[in-house]
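Fold and geometry: a report
For reference, the chains in residue letters:
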Amino acid sequence: MILMELVCVDSNLIAKLPISNFSLKWEGLKVSHGEYSEICSISIRTKEVQALNSVLKTEFKVSLPEPNRMLRHDSGCIFWFSRSQWFITSDSVNPYFDKDLIKIFKGQPSITLQTDGWTPILLVGEKCKLLLERLVKINLCEQNFPKGSSTRTVCSHINIILQRPFEVNKYMILVERSYAKSLLDNIYEAGVNFIGTEPI
């Protein structure tokens, strides 16, 4: 199976699925495009973090996550990326997501639309953890990587953000879009070798 590169854009210039045939399914494991329709980065000076946190609590009913953590808000999630930098997502398509955030935060932090730069890959099923343990070099046990975890790591020599959302048997990978095809090829090969069959 070969995953072909295909970038589609509609008349409103909203980015569509970046790779064709982006659905791999085995018994106990499904790999598909993730739920993040929009992604923005939020960067701010350290001394202004508390003010940003106050606005976030008021507007999104969540606080800034601690390092290597993620939190859900009503229409997406927010997760730590690096010192004084977080990513915030939206589950619905909104090409003006960054502009809306700038209005909400009144220009306080630096907001950058990141949607076109990343591909979210969703892994669901009882076998997804076992597959990931063959691809990443971090301990995925409950004590080390509980629900709500979000960390930067390497998967098949490709830098990724690996997340464990709050649902059972669910993981999310964020990979730079230019490496998405290579990573999906590696996931496909690992799935075939681990499970022993081609996808359904």
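One can find the structure itself at the top, above this paragraph.
Residue positions are given per chain, counting from 1 as you read along its sequence in written order. In keeping with the predicted nature of the model, local features appear solely for residues at pLDDT of at least 70, side-chain atom pairs appear and are counted solely at 80 or more, and the whole-chain, interface and lining totals rest on all residues. Water and hydrogen atoms play no part in the side-chain values, which are based on all heavy atoms of the structure.

1. A few points about helix 4 (residues 180-195)
Short version of the rule: Runs of E in the DSSP output that reach at least two residues are strands. Runs of H or I that reach at least four are helices, and both are numbered from the N terminus. Helices are assigned an expected span. That span is 1.5 Å times one less than the residue count. Three exposure classes are used, based on accessible area relative to the maximum for each residue type with a 1.4 Å probe and protein chains only: buried under 20%, partly exposed in between, and exposed over 50%.
Taking 1.5 Å as the rise per residue, helix 4 with 16 residues should run 22 Å; its terminal C-alpha atoms sit 22 Å apart, in good agreement. Along helix 4, the residues that are buried comprise Ala180, Leu183, Leu184, Asp185, Ile187, Tyr188, Ala190, Gly191 and Val192. Phi turns positive, to about 90°, at Gly196, one or two residues after helix 4.

2. Overview of the nonpolar core
It is characteristic of soluble globular proteins that their nonpolar side chains tend to be buried jointly. Rules: Take the buried Ala, Val, Leu, Ile, Met, Phe, Trp, Tyr and Cys residues and link them wherever side-chain atoms come within 4.5 Å; each set so joined is a nonpolar core. We call two residues in contact whenever any of their non-hydrogen atoms come within 4.5 Å of each other.
Counting 28 residues, the largest nonpolar core has Val31, Ile121, Ile160, Ile173 and Leu183 as its most contacted members. The set of elements that each furnish at least two residues to this core consists of strand 1 (23-26), strand 2 (29-33), strand 8 (118-124), helix 3 (128-132), strand 10 (158-164), strand 11 (170-176) and helix 4. The element that contributes the greatest number of residues to this core is helix 4, accounting for seven residues. For Leu183, the contacting residues outside a window of four places in its chain are Ile121, Cys155, Ile158, Ile160, Ile173 and Val175.

3. Overview of the sheet that holds strand 1
The condition is simple: Strands are labelled as partners when DSSP assigns at least two bridges between them. What counts as an axis is a line fitted to C-alpha atoms, over the stretch in contact for a helix, and the angles between N-to-C directions run from 0 to 180 degrees.
The strand order across the open sheet built from six strands is 1-2-8-11-10-9, with neighbouring strands paired in antiparallel fashion. Since the sheet does not close on itself, it has two edges, and those belong to strand 1 and strand 9 (149-155), each with one partner. Along the sheet, successive strands turn relative to each other by an average axial angle of 20°, direction set aside. In this structure, strand 2 lies alongside strand 8, joined through four bridges in antiparallel fashion. When the sheet's bridge partners are listed, His33 is paired in strand 8 with Ile121. Along the sheet, helix 4 makes contact with strand 1, strand 2, strand 8, strand 9, strand 10 and strand 11, crossing strand 1 at roughly 10°.

4. Section: the pattern of salt bridges
Our working rule: Basic side-chain nitrogens of Lys or Arg form a salt bridge, by our definition, when they fall within 4 Å of a carboxyl oxygen of Asp or Glu.
Here the structure, examined in full by the defined rule, presents six salt bridges. As a salt-bridge pair, Glu35 and Lys170 come within 2.6 Å of each other at their nearest N and O atoms. Within this pair, whereas Glu35 is found in the loop between strand 2 and strand 3 (38-43), its partner Lys170 is found in strand 11, the two being separated by 135 residues in sequence. The exposure class assigned to Glu35 is partly exposed, which follows from its relative accessible area of 32%.

5. Some points on unusual backbone geometry
With a phi angle near 60°, Ser84 is a residue other than glycine that sits in the positive phi range. Turning to its location among the elements, Ser84 is positioned in the loop between strand 5 (76-82) and strand 6 (85-90). Given the relative accessible area of 13%, Ser84 is considered buried. Phi is positive for Asn169, close to 55°, though the residue is something other than glycine. For Asn169, the position within the fold is in the loop between strand 10 and strand 11.

6. A word on the sheet that holds strand 3
Pairing is antiparallel in the open sheet, where five strands are placed in the order 4-5-6-3-7. The sheet terminates laterally at strand 4 (70-73) and strand 7 (110-113), the two strands that pair on one side only. Adjacent strand axes in the sheet meet at a mean angle of 25° when their direction is disregarded. Note that strand 3 and strand 6 share six bridges and pair antiparallel. In the sheet register, Glu38 faces strand 6, and the bridge partner there is Ser90. Along the sheet face, helix 1 (residues 49-60) touches strand 3, strand 4, strand 5 and strand 6 and points at about 15° away from the line of strand 6.

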